[in-house]
Amino acid sequence: MNRRNFLRTIGGTGLVLAATAGGLSQCDQMPTEAIQGWNGPVNSITDREWLLSYALLAPNPHNMQAWIADLRVEDQIILFADKDRLLPDTDPFSRQVMIGQGTFLELLSIAASARGYQANVHLFPEGTPDEMELDISTVPIARIELVKNENIAADPLFSAILHRRSNKEGYRELALSEDHKAELLKLPLSGDHSVQIYHDKDEVEELRTFAKQAMLLEIETPRTLKESVDRTRIGADAIVKYRDGIDLNGPMFWWLSRFDLMSKEKAMTPGTLAYQGGIDYALGWVNKTYSMGILSSPTNSREDQIIAGRNYVRLNLLATSIGVAMHPVSQILQEYPEMQTLQSDFYSHLGVRAPETIQMFFRIGYQSKPSPSPRRPLQDIVRA
Ligand SMILES: Cc1cc2nc3c(=O)[nH]c(=O)nc-3n(C[C@H](O)[C@H](O)[C@H](O)COP(=O)(O)O)c2cc1C
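Residues numbered from 1 in each chain as written. Predicted model: local features only at pLDDT ≥ 70, side-chain atom pairs only at ≥ 80, totals over all residues. Heavy atoms only, no water.

Enquirer: If you had to explain the sheet that holds strand β5 (residues 194–198) to someone new, which residues and values would you point to?
Expert: Taken in spatial order, the four strands make up an open sheet running β5-β8-β10-β9, and their pairing is antiparallel. Two strands bound the open sheet, and with one partner strand each, they are β5 and β9 (325–328). Mean inter-strand twist for the sheet, computed between neighbouring axes without regard to direction, equals 25°. Along the sheet, helix α6 (residues 201–220) contacts β5, β8 (292–297) and β10 (357–365); its crossing angle with β8, the most-contacted strand, is approximately 70°. (Pairing = 2+ DSSP bridges. Helix = DSSP H or I, 4+ residues; strand = E, 2+ residues; numbered from the N terminus. Axes fitted to C-alpha atoms, helices over the stretch in contact; angles between N-to-C directions. Contact = heavy atoms within 4.5 Å.)

Shown next, in the form of structure tokens:
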């Protein structure tokens, strides 16, 4: 994870020196159990557990992993959104959480193909949640019927699942190559969705200015900032305890916490080290973004949101397999009132008109693979 800007902010305090002194550079490493899922499951577990072990590596908003997999009916998985893991302030209609259900369903289906199953996904079997509701947990998102099929070909994107990342680092100073762009744009997308990739210097400059303004607006709006602060896990102890959220670890964060400089109150208070460091951290990527893209859908139905998740993660897997990094920057797409003016400017700028909806806005480029983000143990999402 990129901490360079955070380091710059606190550089004058002497804390960085303190943090790296005395052999402490090894302290507060990412706890191995929090990222153990990225080694892949052992083959001896049951088929449904094996598939779910891959599905829970899906990209999802704020890494809240809002999934519940009900296994009480044999040969099926009933997927629910987890009501306790929604994002009411930044995602008031659970559009993003719904996209995160789609990424989960796609990885599940890809893994099924690698284990000799056809996964038949029946969306919203008990009715579709209203598009203006936050709570999408009251009815199942999907019933997945697993049908054994020894002749099914494993999806070639399967091999990229364990290597996929949302790469939040600054990228190397290179626009996406024409070849890579062409290869990514060739990916078949479901549901008449479309992907645009921008790599013209001036165009990218404008887009990242939009992304930056939206991020600052989110930070300057106390309740949306609080939603992130509440979900930030600082240091190995918190990371291993929660195994979700925005994870920050390493000697510097350990020392800042030791000196009580990283409390939630401080992170919410303009003028403190934690607040300014948070801004610098959140915007660390801005000047190191050389290509950006959008994924849009013809309407904003719940089905479209699921399909957007499925398409997005396929794009992310394909990018992974050809050495291209991706990172969603979603603030400008969020539906809370304060964001609406900036969002309409963004839509006008891109010539996108409702009901067409931009479901994902992302950075794309080149950077080496960062360490993976935590995941909860499988049993935490399973109801058996
Ligand atoms: C709908 C959606 C929106 C996201 N928005 C953001 C974002 O605005 N900023 C960000 O850093 N990551 C964003 N992400 C990426 C998640 O933070 C990331 O998937 C999660 O932390 C897990 O990390 P991983 O993708 O590397 O496994 C988003 C992911 C999804 C599916």
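Enquirer: Please provide a residue-by-residue account of empty space enclosed by the protein, values included.
Expert: Scanning all chains against the criterion turns up one cavity of 30 Å³ or more. Taken as a whole, the largest cavity spans an internal volume of roughly 60 Å³. Residue lining of the largest cavity: Asn 60, Pro 61, Met 64, Gln 65, Ala 66, Trp 67, Arg 85, Leu 87, Val 97, Gly 100 and Gln 101, and that is the complete set. Looking at which element gives the most residues to the lining of the largest cavity, the answer is helix α4 (residues 95–114), with three residues. (1 Å grid on protein atoms, 1.4 Å probe; cavity = no way out; pocket = protein on both sides within 12 Å on 5 of 7 lines; lining within 4 Å. Points joined across faces, edges and corners; volume = space filled by probe spheres on them.)

Enquirer: Tell me about the sheet that holds strand β1 (residues 67–70), residues and numbers included.
Expert: Overall, mixed pairing links the five strands, which are arranged β3-β4-β2-β1-β11 in an open sheet. For this open sheet the edge positions go to β3 (117–123) and β11 (382–383), each flanked by a neighbour on one side alone. Inspection of the sheet shows β1 paired to strand β2 (residues 76–81) by four bridges, in the antiparallel sense. Within β2, the residue paired with Ala 69 across the bridge is Leu 79. Strands in contact with α4 are β1, β2, β3 and β4 (142–148); relative to β3, the strand with the most contacts, it is inclined by about 155°.

Enquirer: Which residues make up a negative patch on the surface, and what values do they have?
Expert: Residues Asp 130, Glu 131, Glu 133 and Glu 303 make up a contiguous surface patch of negative charge. Assignment of secondary structure puts Glu 303 in helix α12 (residues 302–321). (Patch = residues over 30% accessible without salt bridge, like charges linked within 9 Å, V, L, I, M, F, W, Y side chains within 5 Å. Areas by Shrake-Rupley, 256 points an atom, 1.4 Å probe, with all protein chains shown as cover. Salt bridge = Lys/Arg side-chain N within 4 Å of Asp/Glu carboxyl O. Lys, Arg positive; Asp, Glu negative; His and termini not counted. Charge placed at Lys NZ, Arg CZ, Asp CG, Glu CD.)

Enquirer: Now, about the site of the ligand: what can you tell me, with residues and values included?
Expert: By nearness alone, 19 residues border the ligand, and Arg 164, Ser 166, His 327, Ser 330 and Arg 375 come closest of all. Within the contact set of the ligand, an oxygen atom lies 2.8 Å away from a side-chain nitrogen or oxygen of His 327. Between the ligand and the protein, one listed contact pairs an oxygen atom with a side-chain N or O atom of Ser 373 at 2.9 Å. Protein burial of the ligand: of its 620 Å² of free accessible surface, 92% is covered by the chains. Those elements that provide at least two residues to the shell around the ligand are α4 and β9. (Near = heavy atom within 4 Å. Polar contact = N/O pair within 3.5 Å; in protein donor to acceptor, adjacent residues only side chain to side chain.)

Enquirer: Any details on the pattern of salt bridges? Residues and values, ideally.
Expert: Evaluation of the coordinates by the stated rule reveals 16 salt bridges. The salt bridge involving Arg 95 is made with Glu 335; its shortest N-O contact spans 2.6 Å. Placement of Arg 95 in helix α4 and of Glu 335 in the loop between β9 and α13 (340–350) is noted, with a sequence separation of 240 residues between them. Each of the two residues, Arg 95 as well as Glu 335, counts as buried. Salt-bridge contacts for Glu 205 lead to Arg 208; the nearest nitrogen and oxygen are separated by 3.1 Å. Of the two residues, Glu 205 and Arg 208 are both situated in helix α6; the distance of three residues between them amounts to about one turn of the helix. (Buried < 20%, exposed > 50% of the residue type's maximum accessible area, 1.4 Å probe, protein only.)

Enquirer: For the layout of surface pockets, give the residues involved together with the corresponding values.
Expert: Size it by volume and the second largest pocket reaches roughly 250 Å³. As for the second largest pocket, its lining consists of 13 residues, and the residues nearest its centre are Gln 36, Gly 37, Arg 376, Pro 377 and Leu 378. Of the residues assigned to the lining of the second largest pocket, the class counts are four nonpolar, five polar and four charged. (Nonpolar A, V, L, I, M, F, W, Y, C, P; charged D, E, K, R; others polar.)

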